[in-house]
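What follows is each chain in one-letter form.
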Amino acid sequence: MEKQQFERPYIKKLQAGMPSKFGMKPKAEPITHIDDNSVADLIGEFGSPVYVISEKTIRETYKRAHHAFTTRYPKVQFAWSYKTNYLSAVCQVFHQEGSWAEVVSGFEYDKALGNGVKGSQIIFNGPDKTEKDLKKAIENDSLIHIDHFDEMYTILALSENSGKKPKVAIRINMDTGVYPIWDRFGFNYENGDAWDAVNRIMINDKMELIGLHAHIGTYMMSANSYKIAAGKMADLAHGIDKKYGISIKYIDLGGGFASKNTLKGAYYPGSDTAPSFEDYAEAISSGLLNSELDPRKLPTLILETGRALIDDAGYLLGSVIANKRLSSGHRATIVDVGINLLFTSFWYEHEVYPAAPVSDHLEETTIYGPLCMNIDVLRESIAFPLLKKGDHFVIKRIGAYNMTQWMQFITLRPNVVMIDLKGKPHIIREQEVMDNITQQEKLPEHLA
Ligand SMILES: *Cc1c(COP(=O)(O)O)cnc(C)c1O
């Protein structure tokens, strides 16, 4: 190896918001309207802060994803991931588009039934299904995705006392080249556990193995990892066909497609780096079609995409409370949206836009939420224009997980509004009132 030239080390100030030598667009383009409703009107009518969901964006995004897959693979079924956003109005848009439901708890299961989803179109995932949950799922012919052997034995026991033959799939985890492997869910492919699970189901006729399931992670930036996963699932399905003469009805590749949000510390914005639906569809379909699977009886491909289908449709609108200078001279803007309403700010550099045209002068700013808590920071450092007290702003791309992981902490949760295809806003979840919280409380007599 050639001796390298010594270069004197130096310290260089990192410019946030300057991802390459070409920089970022230096202007803060405002978002003044969402689906023809002005931000000022929405806040005027529904309060600040307020979540806004665009029905149009949900449907368009779903159609794009659906098209990307159905043009590449003959049998495709989406199942809406309830935990990503289980507001009924949101679920119903997906169900109207043709999505089944994918749930991970008894609560979510009941919510799907309440939304009118047929039992046979509910996929029941997750490590914690109670006996009561499983009984109900068996009764309703739902698709039960087994997570561990203990659950398999519970289902076996339940099936003995029921006239029904449970329809099951096994969840499989595997090495797809992305680390750490999510190996805490399901049965491992490489160490033979997956085959062991298959064999145990097949040797008795108490359960019907109809599918294979994997959910390899979330915000997966590598489309190729899905190709690897699809290939391994197809190999397993082919092996089952060879050994038992049974063709698996579906291969479910779970969710995990990245949305266009930018992860903290990422060099380039997510809008430039996240694979498209076409990229994922191409990877998955080639993984399946290039396998040993018999092309005359291909399994249905199920997708449980959550984040990538709903993130773009959600906005969080708010108002500036105050500006101040920190002791370092750094500018701080305090807003009425805290991390209690924007859980994903722990992972993402959320895009924050003014809601009206502002000056071109941007200054490095920290955006703080209103909570009395030091970690309530929406953006550590963002090139941001000076907004005055009362000015509105829009946080883009927040439809995934924030309306399920939100916290009732210090304040009450605000209205959630959906703008329909005609541009009319509807409240789909009312802002909380004191009673919602206190009605659950009980005061022991000696404290009353
Ligand atoms: C959370 C979850 C999903 C949805 O994941 P996204 O990353 O939102 O696409 C799908 N399937 C299972 C089993 C999940 O746990």
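A look at the pattern of salt bridges
Moving on, step 1. This structure, assessed with the given rule, holds 22 salt bridges.
Moving on, step 2. For Glu363, the salt bridge is made with Arg325, and the minimal N-O distance between the two is 2.6 Å. With Glu363 in strand S16 (residues 363–368) and Arg325 in strand S13 (residues 314–325), this pair connects stretches of sequence that are 38 residues apart.
Moving on, step 3. Judged by relative accessible area, Glu363 falls into the partly exposed class, the value being 21%.
Moving on, step 4. Each of Glu55, Arg59, Lys63 and Glu97 takes part in a single network of salt bridges with overlapping partners.

What about the site of the ligand?
Moving on, step 1. The environment of the ligand is made up of 16 residues, and the closest members are Lys83, Thr218, Gly256, Glu304 and Tyr401.
Moving on, step 2. One of the side-chain nitrogen or oxygen atoms of Thr84 is found 3.4 Å away from an oxygen atom of the ligand.
Moving on, step 3. Contacts to the ligand include Gly306, whose backbone N or O atom sits 2.9 Å from an oxygen atom.
Moving on, step 4. Contact with the protein chains hides 94% of the accessible area of the ligand, taken as 390 Å² for the molecule alone.
Moving on, step 5. Split into classes, the residues belonging to the shell around the ligand amount to 1 nonpolar, 10 polar and 5 charged.

Observations regarding the domain arrangement of the chain
A common measure of how large an interface is: the accessible area buried when the components associate.
Moving on, step 1. Assigned domains of the chain: these are domain 1 (33–53 + 313–432) and domain 2 (55–311).
Moving on, step 2. For domain 1 versus domain 2, the separation of C-alpha centres amounts to 33 Å.
Moving on, step 3. In this assembly, 25 residues from domain 1 lie in contact with 25 residues from domain 2.
Moving on, step 4. Carbon and sulfur atoms supply 56% of the area that domain 1 and domain 2 bury against each other, a total of about 2400 Å² over both sides.
Moving on, step 5. Considering only the surface of domain 1 that becomes buried against domain 2, Tyr348, Arg397 and Tyr401 emerge as the three largest contributors, covering 29% of it.
Moving on, step 6. For the interface between domain 1 and domain 2, the tally reads 16 residue pairs in polar contact (both at pLDDT 80 or more).
Moving on, step 7. Of all the secondary-structure elements, those providing two or more residues to the side of domain 1 that touches domain 2 are helix H12 (402–405), strand S19 (416–419) and strand S20 (425–429).
Moving on, step 8. Here the element with the most residues in the side of domain 1 that touches domain 2 is S19; it accounts for 3 residues.
Moving on, step 9. Residue classes in the side of domain 1 that touches domain 2 are distributed as 14 nonpolar, 5 polar and 6 charged.

Analysis parameters
Residues numbered from 1 in each chain as written. Predicted model: local features only at pLDDT ≥ 70, side-chain atom pairs only at ≥ 80, totals over all residues. Heavy atoms only, no water. Salt bridge = Lys/Arg side-chain N within 4 Å of Asp/Glu carboxyl O. Helix = DSSP H or I, 4+ residues; strand = E, 2+ residues; numbered from the N terminus. Buried < 20%, exposed > 50% of the residue type's maximum accessible area, 1.4 Å probe, protein only. Near = heavy atom within 4 Å. Polar contact = N/O pair within 3.5 Å; in protein donor to acceptor, adjacent residues only side chain to side chain. Areas by Shrake-Rupley, 256 points an atom, 1.4 Å probe, with all protein chains shown as cover. Nonpolar A, V, L, I, M, F, W, Y, C, P; charged D, E, K, R; others polar. Domains from an automatic or database assignment. Contact = heavy atoms within 4.5 Å. Buried area = accessible area lost by both parts, 1.4 Å probe.

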